[in-house]
Amino acid sequence: MRLANRNHGALLETLRHDVTPAGLHYLLNHFDVPYVPDAAAWRLDIGGRVRAPFSLSIDEMQHLPQKTLRVTLECAGSGRAEISPRWPSMPWMHGAVGTAEWTGTPLRYVLERAVLDTDVVEVAFFGADRGFDKGIEHSYGRSLKPELALGDDVLLVHAMNGQPLPPQHGFPLRLIVPGWYGMASVKWLNRIEALAQPFDGYQQVETYVYKTTPRERGTPVTHTRVKSLMVPPGLPDWWSGRRMVEAGPVTLHGRAWSGGGVPVTKVEVGVDGLWTQAQLDPAVAGPHAWRSWQFTWTAAKGEHELACRATDANGQTQPLEAPFDRGGFGNNMVHRLQVTVR
Ligand SMILES: Nc1nc2c(c(=O)[nH]1)N[C@H]1C(S)=C(S)[C@@H](COP(=O)(O)O)O[C@H]1N2
Ligand SMILES: [Mo]
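**Details of the pairing of strand S18 (residues 274-277)**
Taken together, the four bridges between strand S17 (residues 264-271) and S18 define a ladder with antiparallel strand orientation. Within the sheet, the bridge partner assigned to Val-269 lies in S18 and is Thr-276.

This is the structure in C-alpha cells:
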C-alpha cells in the first residue's frame, strides 16, 4: 500500500499519446526524491579507474553535443501483481511503462574525456538518493559494461519532453539506457566510477536478478522483453473495472515494444481465445520507442475476453501465462481485458 501510493503506473487510456506527457509517465522511486534547489551547483564526478578524473556541471554538459531520443521505458517489475506467490515489492499491474523524448549528451563523450583504464570491466552510476534495503544502507547505484556505456545511445539526460527533468524523474541529471528495463536509468546522477571488478552494489546484485528459487545466483535483469498493451475500449465500471461496450464495430488501439533495439514484427488480438493479426504502424520514432497498433473488432452482445500479443524480430513472443520469477521481474504475459457488450 505504501509503495503503491508513492509510485504510479500509466493510465492505460493515455497509451494513445505517442509521447507520454511527463505527469503521466510511470514513476518508480526506491527512496526519497532529493531536494535540489540549485541545479547550477550540481556536479557529476567521474572517477575510479580512469586516467583523468574530472567533474562537470549541468551547464558544461549542455555545451557538449546534444541528442534527443524517443525511448520507451518500462519497470522490470511491471506486471508483478499477477505473479503468484507475489513478491512484496511494488505491486505493479501492467502499466509501469511510458515513452518520453529524452535530451542530453551521449555518455561516451564524458567517458572518452576521462579515458578508462585498460582493466575496466564495469562502469558504475550513482544517484543522490539514499536509503536502506534489507538493512543495507546505500545510494541507488547500477553498472554497465564499458561496451554498452560507450555506445551512442546511452545518454546523460537533462530534459524530458523538451523541459527540464521534473524532480521525480531525476532533476537535474539522469542516465537513460534505451532498450533496458528502467532500473539501469539512474536518476539524480552525481557520480560515475570506472571499476576493475564487477560492481557489487545492492541494486546490482541483491535485486534485479531473475530467480525461481531463493538460493540460486540467478540471471541479471537486462533488456526489456517484448510486450504490448491495449487501450481499454468503451466505458469503465467503477467497482469491477469491467469495460462496457456498445455492440458493433469497435476500433481497438494499443502499443507494442521490445528491448535492445529489436523491432516488433507482429501484434495479434485475441477475442475469446481466437487470435487475428492487428495492423502495426511503422517505427517512425526510432528503434527504442513503442509503436501503435489498431484492430477493428465487431463486438457481439455478451461477455468477452480481449487480449493482445506482440512478437519481435528475434522471434520472441509474449507468453499466455506469467513467467514465474520470485522477485516478480520480466512479466510480459499477454494483456487481457474483460468486456461486456450491450
Ligand atoms: N537514483 C535512482 N534511479 C532510479 C531509481 C531510483 O529509485 N533511484 N529507480 C529506477 C527504476 S527501478 C526505474 S523503473 C526507473 C523509473 O524511472 P521513472 O520514475 O523516471 O519512470 O528509474 C530507475 N532509476
Ligand atoms: Mo523499476
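So, next bit.
**Things to note about the pattern of salt bridges**
Side-chain pairing between opposite charges can occur once the charged atoms of the two side chains come close. A full pass over the atoms with the stated rule returns 16 salt bridges. Between Glu-101 and Arg-70 there is a salt bridge, and its shortest N-O distance comes to 2.9 Å. With Glu-101 in strand S4 (residues 97-106) and Arg-70 in strand S3 (residues 67-74), the pair connects residues that are 31 residues apart, well separated along the chain. The class for Glu-101 is partly exposed, based on a relative accessible area of 26%. Note that Glu-303 is salt-bridged to Arg-242, the shortest N-O span being 2.2 Å.

**Considerations on the site of ligand 1**
Taken together, 18 residues lie around ligand 1, and Tyr-26, Asp-129, His-169, Arg-174 and Lys-187 are the ones closest in. Between an oxygen atom of ligand 1 and a side-chain N or O atom of His-25, the distance comes to 3.3 Å. Lys-187 has a polar side-chain atom sitting 2.5 Å from an oxygen atom of ligand 1. Taken together, the residues of the shell around ligand 1 break down into nine nonpolar, six polar and three charged.

**Topic: the domain arrangement of the protein**
Structurally, the protein comprises domain 1 (2-220) and domain 2 (227-341). A C-alpha centroid distance of 27 Å is found between domain 1 and domain 2. Counting residues at the interface gives 37 residues for domain 1, matched by 27 residues for domain 2. At the boundary of domain 1 with domain 2, total buried surface from both sides reaches about 3,000 Å², with 60% on carbon and sulfur atoms. Summed over the shared surface of domain 1 and domain 2, the result is two salt bridges. Taking the shortest distance from any N to any O, the salt bridge between Arg-255 and Asp-18 comes out at 2.9 Å. Our count for the contact surface shared by domain 1 and domain 2 stands at 18 residue pairs in polar contact (both at pLDDT 80 or more).

Cut-off values and rules
- Residues numbered from 1 in each chain as written.
- Chains lettered and ligands numbered in written order.
- Predicted model: local features only at pLDDT ≥ 70, side-chain atom pairs only at ≥ 80, totals over all residues.
- Heavy atoms only, no water.
- Pairing = 2+ DSSP bridges.
- Helix = DSSP H or I, 4+ residues; strand = E, 2+ residues; numbered from the N terminus.
- Salt bridge = Lys/Arg side-chain N within 4 Å of Asp/Glu carboxyl O.
- Buried < 20%, exposed > 50% of the residue type's maximum accessible area, 1.4 Å probe, protein only.
- Near = heavy atom within 4 Å.
- Polar contact = N/O pair within 3.5 Å; in protein donor to acceptor, adjacent residues only side chain to side chain.
- Nonpolar A, V, L, I, M, F, W, Y, C, P; charged D, E, K, R; others polar.
- Domains from an automatic or database assignment.
- Contact = heavy atoms within 4.5 Å.
- Buried area = accessible area lost by both parts, 1.4 Å probe.

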